[in-house]
Amino acid sequence: MTYPTQPTASHFIDGQYVEDTNGPEIPVIYPATGAVIGKVHAATPEIVELALASAKRAQKDWAAMSGTERGRILRRAADIMRERNHVLSVLETWDTGKPLSETTVADATSAADALEYFGGLAGSLTGEHIPLAGGDFVYTSREALGVCVGIGAWNYPTQIAAWKGAPALACGNTMVFKPSEATPLCALKVAEILSEAGAPPGVYNVVQGLGNVGAALVQDPRVAKVSLTGSVPTGRKVYAMAAQNMKHATMELGGKSPLIIFDDADLDSAVSGAILGNFYSTGQVCSNGTRVFVQKGIKDAFLARMAERMGKAVIGDPMDMATTIGPMVSERQLEIVENYIRIGQEEGARLVAGGKRIGNEGFFIEPTLFADVTDDMTIAREEIFGPVLSVLDFDTEEEVMARANATEFGLAAGVFTNDLTRAHRVSAGFEAGTCYINTYNLAPVEAPFGGVKASGVGRENSKEAIKHYSQVKSVYVAMNPCEAPF
Ligand code: NDP
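Figured I'd write up the structure that's included with this text. These numbers were taken from a predicted model, which means no experiment stands behind them.

Reading the values: rules and limits
Residues numbered from 1 in each chain as written. Predicted model: local features only at pLDDT ≥ 70, side-chain atom pairs only at ≥ 80, totals over all residues. Heavy atoms only, no water. Near = heavy atom within 4 Å. Polar contact = N/O pair within 3.5 Å; in protein donor to acceptor, adjacent residues only side chain to side chain. Areas by Shrake-Rupley, 256 points an atom, 1.4 Å probe, with all protein chains shown as cover. Helix = DSSP H or I, 4+ residues; strand = E, 2+ residues; numbered from the N terminus. Salt bridge = Lys/Arg side-chain N within 4 Å of Asp/Glu carboxyl O. Buried < 20%, exposed > 50% of the residue type's maximum accessible area, 1.4 Å probe, protein only. Lys, Arg positive; Asp, Glu negative; His and termini not counted. Contact = heavy atoms within 4.5 Å.

With that out of the way, let us pick up the site of the ligand. The full set close to the ligand counts 29 residues, and Gly152, Glu181, Ser231, Thr234 and Glu383 are the nearest of them. Contacts to the ligand include Lys178, whose side-chain N or O atom sits 3.0 Å from an oxygen atom. One of the backbone N or O atoms of Glu181 is found 2.7 Å from an oxygen atom in the ligand. Look at the ligand: alone it shows 900 Å² of surface, and the protein chains cover 87% of it. Those elements that place two or more of their residues in the shell around the ligand are helix 8 (211–219), strand 10 (223–229) and helix 9 (232–244).

Written out as structure tokens, the structure reads:
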């Protein structure tokens, strides 16, 4: 089987594809069939060195260009991505198994949005003028950090590569990006397109590998910043490594987000929100609202409507535009999800729908609905990262807020209600970085995205991301003779 616009080698360094077959082989597996559709090689120490040296060499000249010039290149890359949306979406589907109906609207398009947005901002990154007594003043300038490392998870390989690369490059940094070993292909196309759009060699590099390659990148003294999208345990390790040398860090980590549905909510809208927050990308979304707290008055109606709507999901060939649910990304992730479903039943949760693996080919599992889930159950506490929705009952707002926040995570949270003041009160009370009122899981580039508590530090997207890819320099200017006490 072949996939479209196949990257021609494992790594993209200094403006070109680079191969080193001495690195351990990483098979590329199509999740819908389990077939090996290609292979890449993990980076050897020589490849890591090539990439870091190239990024370091390129950085000063890249930062010396005007923001408008850098931005033009990013915006050109955005245009190329949009023109090639179909082939890039097909590639994303080969890489992740996500249905083409999703990848066509959520991956290369989201990456293009990031490149366009930060390309637009690049020319407007300025400091400020601070007047002082006696005519003295301070001016500040916003400087690049230097070489940044991006490390990605497997659920949104194109999007993550661009969400990190676009703001980093806009600010005058260069980047070495390491995709997840499970989805190595898409980031290479981001690098190739940036290069085609005019990014000088070394500005955006991609190297393959497992955690050890990520760790080697993070620990290199030439690296000024790391941005990781991954699980909390990996985040703890990478954040600690970055701290050793006071490197800047953005951690976009996991969650177990609450989605609260009050009696007065529009039922169909709330069911839609819970579907978006649990089953999109086969449940492999960090911000998913997997603890669905439903007020007792509408619990039965909610469960009935949800089960009915789940029956309409089209599970199958991801390349068929009618398909709405594809496979899990890997056999391993499928087994993790199956295990959680088993634990859920053993601990007394009521299985309302789904729960079973589908077929022998590929990594498919039914979207799964549990009711009567309690706060202490494993499925209500741990991130599953699969299509498993847990419904928990509640009586009062005060009670549900305490329970919603009783978690180490704080990535996202949502509320469905038609009570205006309650919607804002509840949002204000959420211990979460990204909140939703009467919708769920949208992540437009214009809005900050990220978590609090164990779900991470820093923000991606929006003007906030600029702060995490630049640093402020203050310059004190004296307009009078310098005086000293003696
Ligand atoms: P992992 O934490 O397993 O891996 C994330 C990345 O880190 C991978 O590229 C991995 O390499 C790499 N890595 C692993 N160990 C190290 C190390 N010691 N040093 C440096 N890099 C390392 O996450 P998954 O890929 O399994 O992704 C799922 C997780 O990502 C979930 O918890 C999810 O919630 C989170 N996520 C968060 C998002 C957010 O924006 N907050 C968005 C999407 C996902 P490799 O796997 O190749 O070995």
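Inspection of every chain in the model, using the stated rule, returns 29 salt bridges. When the shortest N-O distance is used, the salt bridge between Arg82 and Asp113 registers 2.7 Å. Within this pair, whereas Arg82 is found in helix 2 (residues 67–83), its partner Asp113 is found in helix 5 (residues 108–121), the two being separated by 31 residues in sequence. Here Arg82 falls in the partly exposed class, since its relative accessible area comes to 34%. A relative accessible area of 34% places Asp113 in the partly exposed class. The residue Glu460 makes a salt bridge to Lys164 at a minimum N-O spacing of 3.0 Å.

Mapped onto the elements, Thr103 comes out in helix 4 (residues 100–106). With relative accessibility at 0%, the residue Thr103 sits in the buried group.

Count 3.6 residues to each turn of an α-helix, and residues three or four apart come out pointing the same way. Counting buried positions over the 11 residues of helix 7 (residues 186–196) gives 8, a clear majority of the element. Every buried residue of helix 7 is accounted for by Cys186, Ala187, Leu188, Lys189, Val190, Ala191, Ile193 and Leu194. Downstream of helix 7 by one or two residues, Gly198 has phi in the positive range, about 120°.

With that out of the way, let us pick up the side chain of Glu252. Positionally, Glu252 belongs in strand 11 (residues 248–252). One buried charged residue, Glu252, remains without a salt bridge, the closest side chain of opposite sign being Arg459 at 5.7 Å. Within polar-contact distance, the side chain of Glu252 engages the backbone nitrogen of Glu460 at 3.4 Å. Other than its neighbours up to four places away in sequence, Glu252 contacts Leu228, Thr229, Gly230, Leu411, Phe449, Gly450, Gly451, Ser455, Gly458, Arg459 and Glu460.

Treat this as a map of the structure, not an account of what it does.
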